[in-house]
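Each chain, written out:
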Amino acid sequence: MIKKILFFSCLIILIPYIIVTIFIRDDEITFNFSSNSIIRVKDEDTNNIARVAIEEYVVGVVAGEMPIEFELEALKAQAVAARSYVMIQKQRNINNDYDVVDTVLNQVYLDRTYLMNVWEDDYTNNINKIKKAVLSTKGEYISYKGKVAEALFFSTSPGVTEDSEDVFSNKIEYLRSVDSSWDKISPAYNTSATFSLNEFYNLLNLKYDDNLNVEVIDKTKTGRIKKIKINNIEFTSKEVCSKLKLKSTYFEIVKDENKVIIKNKGYGHGVGMSQYGAQGMALEGYTYDEILKHYYTGIEIKKF
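Every value quoted in this text rests on a predicted model; they were computed, and no experiment measured them.

A.B. asks: How should I be thinking about the nonpolar core in this particular structure?
C.D. replies: Generally speaking, a soluble globular protein has its nonpolar side chains buried in company with each other. Counting 61 residues, the largest nonpolar core has Tyr57, Met273 and Tyr296 as the members making the most contacts within it. Counting only elements with at least two residues in this core, the list comes to β1 (38-42), α2 (54-65), α3 (72-92), α4 (112-119), α5 (123-135), β4 (140-144), α9 (275-283) and α10 (288-295). Looking at which element gives the most residues to this core, the answer is α3, with 11 residues. When residues no more than four places from it in sequence are discounted, the contact partners of methionine 273 are Ala77, Gln78, Ala81, Leu152, Phe153, Phe154, Ala278, Ile291, Leu292, Tyr295 and Tyr296.

Next comes the structure, spelled out in structure tokens:
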């Protein structure tokens, strides 16, 4: 009789604990990793190299590259693109000390400590949202004709993406120009910058002249500038963007008395997946695989 009383007493104490433990969880989602899926990430500030499990690395990239407010399907698309990108870098750097750096030179990667400091009380909810996107696409990557695809991505297009050879040196069959009209939701879709005429010339290392003559020499088929002459001095669009800190090579230079106004459209190089385009598609109900197959022509999504 005493044993029965003790048994039921223990049961009464344990049942609430079991219910809370199993059904009410506010903990951070944890991953299980295979030992050979390691990415060597170099911290650009300290030069330290961290060894990070690949799915944990993808979590840090999605956190660094895409706003947490984005739809889950957009975050999933970003996860697959980020995983594909790092797989390529891992192959290329097999004989080097590290695979990737943690900045825009490769992909922005934010570690757990940084995210906890930035997100504070929202950390658990935010990180679990990203981990859900990563776990639901675990091991998935973009493949083209049996090989891992170079999954380039950027923030915002001016309404259409670019063929790879119009921005970079080589033609890549799956990096074709496609419609991206969803980008209109981006705050970077239309922006402008204003300079005094003197400041404009100084930034470009040009001699001051009251007259400003701008001649576009070469454009992509979508309207991005490739080469431009300013007062008979030739620049590449990348040089102008770098010196004036413009968001993209899709720009127009207008003189207004003693000021120069530069109207800019989009943000980033324009090749591959537009992140705001992915968000726009997700808001319209497209799934992550549909988003990826729109921005990367003729690809398949495979799983390692």
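A.B. asks: Which parts of the structure should I look at to understand α3?
C.D. replies: Helical periodicity: at 3.6 residues per turn, an α-helix aligns residues three or four positions apart in one direction. Given a rise of 1.5 Å per residue, 21 residues ought to cover 30 Å, and the 30 Å separating the end C-alpha atoms of α3 matches this to within 8%. Burial within α3 is extensive, with 17 of its 21 residues counted as buried.

A.B. asks: Help me out: how do you make sense of the environment of aspartate 43 in this one?
C.D. replies: Of note, aspartate 43 is situated in the loop between β1 and β2 (49-53). Among the residues examined, aspartate 43 registers a relative accessible area of 25% and is labelled partly exposed. A sequence separation of 66 residues divides aspartate 43 from tyrosine 109, and the C-alpha atoms of the two residues are 9.2 Å apart. The residues contacting aspartate 43, other than those within four sequence positions of it, are Asn48 and Asp102. Separated by 2.8 Å, the side chain of aspartate 43 and the backbone nitrogen of aspartate 45 make a polar contact.

A.B. asks: Help me out: how do you make sense of the pattern of salt bridges in this one?
C.D. replies: Considering all chains together, one arrives at 10 salt bridges under this definition. Measuring nitrogen to oxygen at the nearest pair gives 2.5 Å for the salt bridge that ties glutamate 150 to arginine 92. Of this pair, glutamate 150 sits in the loop between β5 (147-148) and β6 (153-154) while arginine 92 sits in helix α3, placing them 58 residues apart in sequence. Looking at glutamate 150, the relative accessible area reads 12%, which means it is buried. Residue classification places arginine 92 among the exposed positions, given a relative accessible area of 51%. What you see here is one network of salt bridges that share partners, running through Asp163, Glu165, Arg176 and Lys221.

A.B. asks: Would you mind showing me how to read the packing of aromatic side chains here?
C.D. replies: Ring pairs (aromatic) are described by centroid distance and by the angle formed between their planes. Here the structure, examined in full by the defined rule, presents 8 aromatic pairs. An angle of 80 degrees between the planes, with centres 5.1 Å apart, marks the rings of phenylalanine 70 and tyrosine 276 as edge-to-face. A residue pair is termed long-range when its members are at least 10 positions apart, and phenylalanine 70 in the loop between α2 and α3 and tyrosine 276 in helix α9 qualify at 206 residues. Here tyrosine 276 falls in the buried class, since its relative accessible area comes to 17%. When the ring of tryptophan 182 is compared with that of tyrosine 286, the centres are 6.1 Å apart and the planes differ by 80 degrees; the resulting orientation is edge-to-face.

A.B. asks: Looking at this structure, I do not really get the sheet that holds strand β7 (residues 190-196). What am I missing?
C.D. replies: Two pairing modes exist for strands in a sheet, parallel and antiparallel, and in both the strands are linked by backbone hydrogen bonds. What the 3 strands build is an open sheet, ordered β7-β12-β11; its pairing is antiparallel. Two strands lie at the open edges of the sheet, namely β7 and β11 (251-256), each paired on one side alone. For this sheet, the mean angle separating the axes of adjacent strands, direction not counted, is 20 degrees. Both β7 and strand β12 (residues 259-265) contribute to a ladder of 7 bridges, which runs antiparallel. For serine 196, the partnering residue across the bridge sits in β12 and is lysine 259.

A.B. asks: I would appreciate a short explanation of the side chain of glutamine 107 in the present structure.
C.D. replies: Of note, glutamine 107 is situated in the loop between β3 (100-101) and α4. If sequence neighbours within four positions are ignored, glutamine 107 has contacts with Tyr57, Val61, Glu65, Ala81, Ala82, Tyr85, Val86, Val101, Asp102 and Phe153.

A.B. asks: Please clarify how the sheet that holds β2 should be interpreted in this entry.
C.D. replies: An order of β2-β1-β3 is seen for the 3 strands of this open sheet, with the pairing classed as mixed. The open sheet has two edge strands, β2 and β3, and neither has a second partner. Bridge count between β1 and β3: 2 bridges; the pairing is parallel. In the sheet register, valine 41 faces β3, and the bridge partner there is valine 100. Contacts from α2 reach β1, β2 and β3, with the element oriented near 105 degrees to β2.

Each value, and the rule that gives it
- Residues numbered from 1 in each chain as written.
- Predicted model: local features only at pLDDT ≥ 70, side-chain atom pairs only at ≥ 80, totals over all residues.
- Heavy atoms only, no water.
- Core = buried A, V, L, I, M, F, W, Y, C linked by side-chain atoms within 4.5 Å.
- Buried < 20%, exposed > 50% of the residue type's maximum accessible area, 1.4 Å probe, protein only.
- Helix = DSSP H or I, 4+ residues; strand = E, 2+ residues; numbered from the N terminus.
- Contact = heavy atoms within 4.5 Å.
- Expected span 1.5 Å × (residues − 1).
- Polar contact = N/O pair within 3.5 Å; in protein donor to acceptor, adjacent residues only side chain to side chain.
- Salt bridge = Lys/Arg side-chain N within 4 Å of Asp/Glu carboxyl O.
- Phe/Tyr/Trp six-rings, centres within 6.5 Å; stacked < 30°, edge-to-face > 60°.
- Pairing = 2+ DSSP bridges.
- Axes fitted to C-alpha atoms, helices over the stretch in contact; angles between N-to-C directions.

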